[in-house]
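Report on the structure
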Amino acid sequence: MPKGKEKYLPILAISIDILLLFNAFLTANYLVFQGKFPNPLFYYQLFFGWVFVWIIVALNLKLYDLPRILYLDKIILRNIYAVTIFVLVSSTIVFFITNYKFSRLFFGLSITFFSIMLIIWNFMLVLLFKAYRKRGNNFRTIAIVGFNDQVEKYINEVLIIPENGYVISGVFGTNKPPEKWSEFYKGTDEELLLFLENTKVDELLISLPSDKSDLMNDYMSYADNHLIRVTIIPNFSSYLYQKFGIDYVRNIPILQLREEPLESISRRIMKRVFDIVFATLVILFIASWLFPILAIIIKLTSKGPVFFSQMRSGKDGNSFKCLKFRSMTVNSNADSLQATKNDARVTTIGKFIRKTSLDEFPQFFNVLFNNMSVVGPRPHMLKHTEDYQKSVNKYMVRHYSKPGITGLAQVNGYRGEIKEQKDIENRAASDIWYIENWNILLDIKIILRTVLQVVFKKEENAF
């Protein structure tokens, strides 16, 4: 929308949320009470209480602050979190404030319908807003001073994407950008202030080395005095090229080399609850009938136990006993030699269960035992961990997380036999990215991709 009109977005968003809540309220009324509340006064009091609680929760969690860079998964996750808080708060208030027994079915249906409509609305809103920006609306002009690899990556992945709503007005620096960015180059560092005097700029992006701190302070001072917002990309890519965070201890900035969402207790609890619920459902509704069938087939077709257990590397490097259905003949190399294509050790039924990943199903018990998570880096043999620790840079970082039955590396195609060094390097890189960017929606997405790949896609490395 045109500049200056963004201030009306929260009012519009709140109004739509109230309409969605009212629609869910009426729909639940129709389904539970055939459109006639048993006590209209109490139920409409409940509705207005819900409206009040939702607005407070939404404003507190900044649901109506539409970010410049729109990530659909983060917006949906934030709304799911808001609904969870909303349910807890409103349920507590109802329990302590009134003795009236509201219908639990009505309560549950109202919240469920509201949640579904809210997610659909936010999904549509993001798509509409991205399309709106692609047509050249709701843009911010940005000037850049300093050019390096990080700045070029930011230009490539953020600034030139139309749906993010940026227009580059100029690039300044001692080092000229590559030819493909030459149209944006306007001059050296010293020429920036003259440019800003004559050109309207909304944002200034600075990425200068530490020896130009005085010049950087001049730019920031000018920006503060001319209503120009400042963004800084620290110019230390020569020795640090990874995601990091900054914390403050008594106003002293502390650089943290890696952000780990699962360092948060609340997020660990969220992931653990999801793991327990998901693993329990799989065991009750799938394993309860599938395990006996596989156990009988394995026992009848080859000598040896039904299950195979092996010590694997887990969280923080601690080893644990990982469970699997036995897919090979009993052999002395099981703890050191990885399965390869046409491996003679693999049994007939073993080929099928390995291809379909059914051999991993007993690991849902590992999830309940808290050795593993449903999603995470795949656990490796102890010998392989020892070898890869020496040959793969940052390999051990993947052990900051509990290992998983499936993982980002697996759905990205990095599974099975390690034929070349790049195979394990790509796997480790995917696992580290997962650890640094975890959220519950990412876990759900990986699970869905895993199911789709097992059912529809033939994996060449699954043997």
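Residues numbered from 1 in each chain as written. Predicted model: local features only at pLDDT ≥ 70, side-chain atom pairs only at ≥ 80, totals over all residues. Heavy atoms only, no water.

On to the packing of aromatic side chains, then. According to the stated counting rule, one finds 32 aromatic pairs in the structure shown. Ring centres of Phe274 and Phe278 lie 5.8 Å apart, and the angle between their planes is 20 degrees; on these two criteria the pair is classed as stacked. Note that Phe274 and Phe278 are positioned in helix α8 (residues 265-301) at a spacing of four residues, about one turn of the helix. (Phe/Tyr/Trp six-rings, centres within 6.5 Å; stacked < 30°, edge-to-face > 60°. Helix = DSSP H or I, 4+ residues; strand = E, 2+ residues; numbered from the N terminus.)

Attention now moves to the sheet that holds strand β2 (residues 166-172). Ordered in space as β3-β2-β1-β4-β5, the five strands form an open sheet in which the pairing is parallel. One side of each edge strand has no neighbouring strand; the edge strands of this open sheet are β3 (185-187) and β5 (229-232). Ignoring which end each strand starts from, the neighbouring axes of this sheet average 30 degrees apart. Two elements, β2 and β3, share two bridges in a ladder whose sense is parallel. Bridge pairing in β3 links Phe172 to Gly187. Docked against the sheet, helix α5 (residues 149-159) engages β1 (140-145), β2 and β4 (203-206), running at close to 165 degrees with respect to β2. (Pairing = 2+ DSSP bridges. Axes fitted to C-alpha atoms, helices over the stretch in contact; angles between N-to-C directions. Contact = heavy atoms within 4.5 Å.)

On to unusual backbone geometry, then. Of note, the phi angle at Asn138 is positive, near 55 degrees, even though the residue is not glycine. Mapping Asn138 onto the fold places it in the loop between α4 (104-134) and β1. According to the relative accessible area criterion, Asn138 is buried, its value standing at 4%. Backbone geometry at Asn370 places phi at a positive 75 degrees, although glycine is not the residue there. With respect to the element layout, Asn370 can be found in the loop between α10 (363-368) and β10 (373-375). A relative accessible area of 40% places Asn370 in the partly exposed class. (Buried < 20%, exposed > 50% of the residue type's maximum accessible area, 1.4 Å probe, protein only.)

Here we come to the pattern of salt bridges. Per the stated rule, a full pass over the model turns up 11 salt bridges. For the salt bridge of Glu360 with Lys324, the shortest nitrogen-to-oxygen distance reads 3.8 Å. Placement of Glu360 in the loop between α9 (348-355) and α10 and of Lys324 in strand β9 (residues 319-325) is noted, with a sequence separation of 36 residues between them. Summarising the burial analysis for this pair, Glu360 and Lys324 share the class buried. A network of salt bridges, in which partner residues are shared, links Lys324, Asp359, Glu360 and Arg378. (Salt bridge = Lys/Arg side-chain N within 4 Å of Asp/Glu carboxyl O.)

With that settled, the discussion passes to helix α13 (residues 421-436). Over its 16 residues, α13 extends 23 Å from the first C-alpha to the last, a length consistent with the 22 Å expected when each residue adds 1.5 Å. Tucked into the core, α13 has its buried residues touching α8, β10, α11 (382-391), α12 (408-411) and α14 (440-456). (Expected span 1.5 Å × (residues − 1).)

Once that is clear, we can look at α11. Where α11 is concerned, the buried positions are His384, Thr385 and Tyr388. The buried residues of α11 occupy an angular sector of 100 degrees when the element is viewed end-on, so they sit on one face. Buried residues along α11 sit against β8 (307-313) and α13. (Arc of directions from axis to C-beta.)

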